[in-house]
Structure formats: structure tokens, C-alpha cells
Amino acid sequence: MPAPHVIAAVLWAVILGFAGGILTEIGPWYRNLRKPAWQPPDWLFGPAWTVILGLAAWAAVLAWNGAPDETGRMTVLALFATNFVFHFLWSPLFFTRRRPDWALVEVPFLWVSVLALTIGLRPYSVLATWLIVPYLAWVSFAACLNVTIVRLNAPFGRDGSAD
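### Regarding the pattern of salt bridges
Note that side chains of opposite charge can pair when their charged atoms are close.
For step 1, the next point in the chain: On inspection of all chains with the given rule, the structure shows two salt bridges.
For step 2, the next point in the chain: A salt bridge links Glu 70 to Arg 73; the shortest N-O distance between them is 3.2 Å. Separated by three residues within a single helix, Glu 70 and Arg 73 lie in helix α4 (residues 70-96), roughly one turn from each other.
For step 3, the next point in the chain: You can call Glu 70 partly exposed: its relative accessible area is 46%.
For step 4, the next point in the chain: Between Arg 99 and Asp 101 there is a salt bridge, with the nearest N and O atoms lying 2.5 Å from each other.
For step 5, the next point in the chain: Arg 99 gets classed as buried once you look at its relative accessible area, which sits at 10%.

### Thoughts on empty space enclosed by the protein
For step 1, the next point in the chain: As enumerated under the stated definition, the model contains one cavity of 30 Å³ or more in all.
For step 2, the next point in the chain: Computed from the structure, the largest cavity encloses a volume of approximately 30 Å³.
For step 3, the next point in the chain: Forming the walls of the largest cavity are Leu 16, Ala 19, Gly 20, Leu 23, His 87, Phe 88 and Ser 91.
For step 4, the next point in the chain: Every element with two or more residues in the lining of the largest cavity is listed here: α1 (4-23) and α4.

### Observations concerning the packing of helix α5 (residues 100-120) against helix α6 (residues 126-153)
Any two packed helices are characterised by the angle at which their axes cross and by the distance between the axes.
For step 1, the next point in the chain: With their axes 9 Å apart at the nearest point, α5 and α6 run at an angle of 165 degrees to one another. By the criterion of interaxial angle, the relationship of α5 to α6 is roughly antiparallel. α6 is crossed by α5, and the crossing has left-handed handedness. Here α5 contributes Pro 100, Asp 101, Ala 103, Leu 104, Val 107, Leu 110, Trp 111, Val 114, Leu 115, Leu 117 and Thr 118 to the contact with α6, which in turn contributes Thr 129, Ile 132, Val 133, Tyr 135, Leu 136, Val 139, Ser 140, Ala 143, Asn 146, Val 147, Ile 149 and Val 150.
For step 2, the next point in the chain: For the contact of α5 with α6, the residue count by class is 18 nonpolar, four polar and one charged.

### Comments concerning the side chain of His 5
For step 1, the next point in the chain: Inspection of the secondary structure puts His 5 in helix α1.
For step 2, the next point in the chain: There is a polar contact of 2.7 Å between the side chain of His 5 and the side chain of Asn 65.

### Examining the nonpolar core
For step 1, the next point in the chain: Ranked by size, the top nonpolar core spans 43 residues in total, and within it Trp 12, Phe 80, Phe 94, Leu 121, Ile 132 and Tyr 135 carry the most contacts.
For step 2, the next point in the chain: Within the residue set of this core, elements represented by two or more residues are α1, α2 (28-32), α3 (42-66), α4, α5 and α6.
For step 3, the next point in the chain: Here this core takes eleven residues from α6, the largest share from any one element.
For step 4, the next point in the chain: In contact with Tyr 135, not counting residues within four places along its chain, are Trp 12, Trp 49, Ile 52, Ala 56, Asn 83, His 87, Leu 110, Val 114 and Leu 117.

Each value, and the rule that gives it
Residues numbered from 1 in each chain as written. Predicted model: local features only at pLDDT ≥ 70, side-chain atom pairs only at ≥ 80, totals over all residues. Heavy atoms only, no water. Salt bridge = Lys/Arg side-chain N within 4 Å of Asp/Glu carboxyl O. Helix = DSSP H or I, 4+ residues; strand = E, 2+ residues; numbered from the N terminus. Buried < 20%, exposed > 50% of the residue type's maximum accessible area, 1.4 Å probe, protein only. 1 Å grid on protein atoms, 1.4 Å probe; cavity = no way out; pocket = protein on both sides within 12 Å on 5 of 7 lines; lining within 4 Å. Points joined across faces, edges and corners; volume = space filled by probe spheres on them. Axes fitted to C-alpha atoms, helices over the stretch in contact; angles between N-to-C directions. Parallel < 35°, antiparallel > 145°, perpendicular 65-115°, else oblique. Left-handed = near helix turned anticlockwise from the far one by under 90°. Contact = heavy atoms within 4.5 Å. Nonpolar A, V, L, I, M, F, W, Y, C, P; charged D, E, K, R; others polar. Polar contact = N/O pair within 3.5 Å; in protein donor to acceptor, adjacent residues only side chain to side chain. Core = buried A, V, L, I, M, F, W, Y, C linked by side-chain atoms within 4.5 Å.

As C-alpha cells, this is what we get:
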């Protein structure tokens, strides 16, 4: 049986991936938003997040294994727990609440949590840090996409539609 920290890392990735998929409704509201020409096709987001979250789970295991003591392991846990919260919040704001503007307010917190992973895991595993870099790049790209969607569609009303 895998070690508990391996199971926890896999669950972290699966829960975030599953929740993101469930909370991301590509329906009429989303289809009617104006989006930039450089936005990737909708089908690409699922595979991209699967790879990114898988790499991050691997990074969690490497960092946990590389932590020399309980304080180091708690640091790894705190970094991933914080990231979990900010990662989880974005999709409900954007898709469920239909408020890309609110998601845009939240995205810097998500970005900083990924940057914190990138920096905070380095003392425990250099490879773990590199495994987080695609996550940081993707969230940076998604933040630019979020900004552009807000600019093209704002303001957003109480029902989430662009006014």
C-alpha cells in the first residue's frame, strides 16, 4: 500500500481536478462571452490541468520525502493546503457565480500560492520546484486570459452576465 503522503498528494490532485471539471460549465453563458483569438480550445484545459496537477502531486511527494524533519513536512503541507484553497475558489467564482471579475480578484492569491510552492519546495527538492513551474506558467497564462475576458465583457451584473 502506498505511503499516506503519496495517497494525500494523489487525492489533492484528483479532488482539485474533479472539482474544477464539475464546477466548469461550458454552456451558453460561457460560449457567449467574448474571448481573445489566442485562447486555447476548450478541450485543451482538461488535459492541461491533468498534467499540471499530476506534476504538482509528484512535487508534493518529492518535497515531503526531502523534508528533513516534522517542521519541513508541515511547511510542505501548509504550502499545498493554502494552494488547494485558492485553486479551488477560482472555478466557482468564474463559472458557477458567472463573475470573471471576482475570479480576477482571486487569481493573484492563486498565483502567489503557486509561486510560494515554487520557492518553498526548493529547500526540500530542486526537482519538485521544477515540477511546479508549468503550474506557475499556466496560472500566469490563465490570469492574462481572465484579464482579457473581463476587459472584453465587463461590467458583470448580479446574475453574472455582462451588462
